[in-house]
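# Results of the structural survey
Listed below are the residues making up each chain.
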Amino acid sequence: MTRRSVRGAIWGIVIAIAIAGMAGVVVGDVQNTSVSVDGTELAAGDTVRVDGHPTLDVSIEADTAIDLVEVRVNGDIRESFEPGSESFSRTLDVEMDDGENTLEIITNAGGTSTYEATVHKDSTSPYLRYTSPFSTPDLSSPPESTTVGDAQVTLAADIVDEFGVESIVIERRHDYIFASQRETTRESYEISNPGGSFSQELFLGDGENQITATYTDETGNTRVHEFVLYVDDTEQPTMDLTVPERTGTDEVRVQGTVTDNVKLDRVELEGPTGSTTQVLQSTHAEPNRDRLSTEVNTVVSLNEGENDITITAVDAAGNTIERDYTIVYDRDINPDVTFDQERTIVENGQVSVVGRVDRGEIDSVTIESINPETDERIDIVRAYSGDETTSRVDLDHQLAAADGETLVRVIITDSQGDQHEETITVSGGGASTSGADDGSTDDTDGSSTQVTAETPGSFDADSDDDGGEGSTADDDTGDTDGSSGGETTEDASGSGSNDVDDSGSNDGGNETSGSIPGFSVVTALLAFLLIGARLRGAE
């Protein structure tokens, strides 16, 4: 036999031994180990959570007789079997401690195999350490009843549980009497996976509120707490109202907000004639977030002289607040004129007049621009001329300006036909009020009009122009240059108003100096023609 033949025989023996060895392992290995925990299959390496001692269904299949089966929990042998057959099946109740447990099933069938999985046991319902609106630092149950003062309260607690709470359901039930009948209203709140704590706002009704809070952890353990939150409302409603003390018109608007800590029942306004306006009407005692506050926006008709009005608010518990106001209606109140100094300026030949006229009964407002050196009226605009009198007119108008300083005159006519005037001098550097040192000027009727020239940036211009008229300047001076509003005029050639004079110079400063239009272009063309001719001659 050659050396090559010997080497081949040796390799053949090695391969045969390996195959034989492998065949022996396969024959002796466990073919299948199946485990279910409380009816749910649990694959090797997986984790299952249970809320009590689990029931195991164990099934093992092998190709040879099974000599030994051991069930271990955290290394401790809990069950041991010697089936002596190729299959094994058994249902086992295995005790485990709360927390994480390692489950092992060890099988010897011509060889050893181990099945391993993890079982989390949580047999304890969640515990709560309440922090609001009461406290339970020792994880005890909440008190049977807790009194609070507001409809909006916060239920909050820290959660103590092995694996955490999966869901919280809170129900508020409130019973009340309406029309001699007992009524019930409910509101539910749900929180998912709150983590280690939760905070939930509850909305309660006046009196007794039954609360049921259900806490469920990830293994299905549930803890239910039932308690009463009793709302004892002893606070009056509050008012934040704007009511003028004096006016020059026969109507005023009363505005503001009425609020309560639990629920408003009704809000009434009694006018000077004795008539009552129901701002908010009475209703049943059902909890209602919309009734924590209400807006007041009511127009009150006045008589000349003093007018008394009363506003009353009552909450669901009967707490009452009443406010009395006196409004003086005086038709002779003089109007105020206020200019916005930052925006009342001269620019591009126009004066911008920005401000407002308020107080009294305003029938009309006219604005004029005047040359103070010649007293010549340059421009005029009607700022307001409505069908009805008003107590405020906003000013935002442009008029033609003088070359230097411009005098702006505001003329107000009231409902009695009396005329009030105010003037302001405006230059390129800004505006300055004229008149007496005390800020007022004499009117044509002998009265005085109060003037305020507000500091830059402080003017309140929220309202639109009430009049809506006269935003374009009308020239009453008879000027023929058509430039009262600073508009651009056109000459016969259609160009803008550059006002070219006889000297050939224009306002823009571009010199023409007697030059012939198109001269430079003609010269250039002739030069090109001559150069071209010389070149051809050279050829």
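What comes next concerns the included structure. (Residues numbered from 1 in each chain as written. Predicted model: local features only at pLDDT ≥ 70, side-chain atom pairs only at ≥ 80, totals over all residues. Heavy atoms only, no water.)

## Quick word on the nonpolar core
Condition: Residues belong to one nonpolar core when they are buried, are Ala, Val, Leu, Ile, Met, Phe, Trp, Tyr or Cys, and are joined through side-chain atoms within 4.5 Å. A simple rule labels every residue: compare its accessible area, found with a 1.4 Å probe on the protein chains alone, to the largest value its type can have, and call it buried under 20%, exposed over 50%, or partly exposed in between. In this description a helix means any DSSP run of H or I spanning at least four residues, a strand means any run of E spanning at least two, and both kinds are numbered starting from the N terminus. Contact between two residues is taken to exist if any of their heavy atoms lie within 4.5 Å; hydrogens are not considered.
Judged by nonpolar contacts, the single largest core of 26 residues is most densely connected at Tyr130, Ile170, Phe198 and Leu202. Element by element, the count of residues in this core is highest for strand S12 (residues 152–160), at four residues. Leave out the neighbours within four places in its chain, and Leu202 touches Ala151, Gln152, Val153, Leu155, Ile170, Tyr189, Ile211 and Leu229.

## Here's the deal with a negative patch on the surface
Keep this limit in mind: The patches reported here contain residues having more than 30% relative accessible area and no salt bridge. Joining distances are 9 Å for like charges and 5 Å for nonpolar side chains (Val, Leu, Ile, Met, Phe, Trp, Tyr). Residue-level accessible areas treat just the shown protein chains as cover; the underlying method is Shrake-Rupley with a 1.4 Å probe. Basic side-chain nitrogens of Lys or Arg form a salt bridge, by our definition, when they fall within 4 Å of a carboxyl oxygen of Asp or Glu. All tallies of charge rest on Lys and Arg as positive and Asp and Glu as negative; His and the ends of each chain are not included. Charge placement uses NZ in Lys and CZ in Arg. For Asp and Glu, CG and CD serve respectively.
Judged by side-chain charge, Glu270, Glu306, Asp308, Glu322 and Asp324 come together as a negatively charged surface patch. Taken together, the elements giving at least two residues each to the negative patch come down to strand S24 (305–315) and strand S25 (320–329). Locating Glu322 in the fold gives a position in strand S25.

## Considerations on the layout of surface pockets
Which entries qualify depends on this criterion: Both site types are read off a 1 Å grid over the protein atoms alone. A 1.4 Å probe that fits but cannot get out defines a cavity, while an open set with protein on both sides within 12 Å along at least five of seven lines defines a pocket; lining residues have an atom within 4 Å of a point. Grid points are joined across faces, edges and corners, and a volume is the space filled by probe spheres set on the points. Under the scheme applied here, ten amino acids are nonpolar (Ala, Val, Leu, Ile, Met, Phe, Trp, Tyr, Cys and Pro), four are charged (Asp, Glu, Lys and Arg), and all others, including Gly, are polar.
Within this model, the largest pocket holds a volume of roughly 320 Å³. Residue lining of the largest pocket: 13 residues in total, with Thr247, Asp358, Arg359, Ser391 and Arg392 positioned closest to the centre. Ranked by residues supplied to the lining of the largest pocket, first place goes to strand S28 (residues 350–371) with three residues. In terms of residue class, the lining of the largest pocket is built from three nonpolar, five polar and five charged. Counted as a void, the second largest pocket has a volume near 230 Å³. Among the secondary structure elements, those contributing two or more residues to the lining of the second largest pocket are strand S20 (251–259) and strand S29 (376–400). When residues in the lining of the second largest pocket are grouped by element, the largest group, four residues, is from S29.

## Regarding the packing of aromatic side chains
Worth spelling out the cut-off: Side-chain rings of Phe, Tyr and Trp, where Trp is taken by its six-membered ring, are said to pair if the distance between their centres is within 6.5 Å; with planes under 30 degrees apart they count as stacked, over 60 as edge-to-face, and otherwise as tilted.
In the structure shown here, the tally under the stated rule is five aromatic pairs. Consider the rings of Tyr130 and Phe134, whose centres lie 5.1 Å apart with planes at 55°: the pair is tilted. Of the two residues examined, Tyr130 and Phe134, each falls in the buried class. Consider the rings of Phe198 and Tyr215, whose centres lie 5.9 Å apart with planes at 50°: the pair is tilted. Highlighted residues: Phe198 in strand S15 (residues 197–203) and Tyr215 in strand S16 (residues 207–217), separated in sequence by 17 residues.

By themselves these figures say nothing about function.
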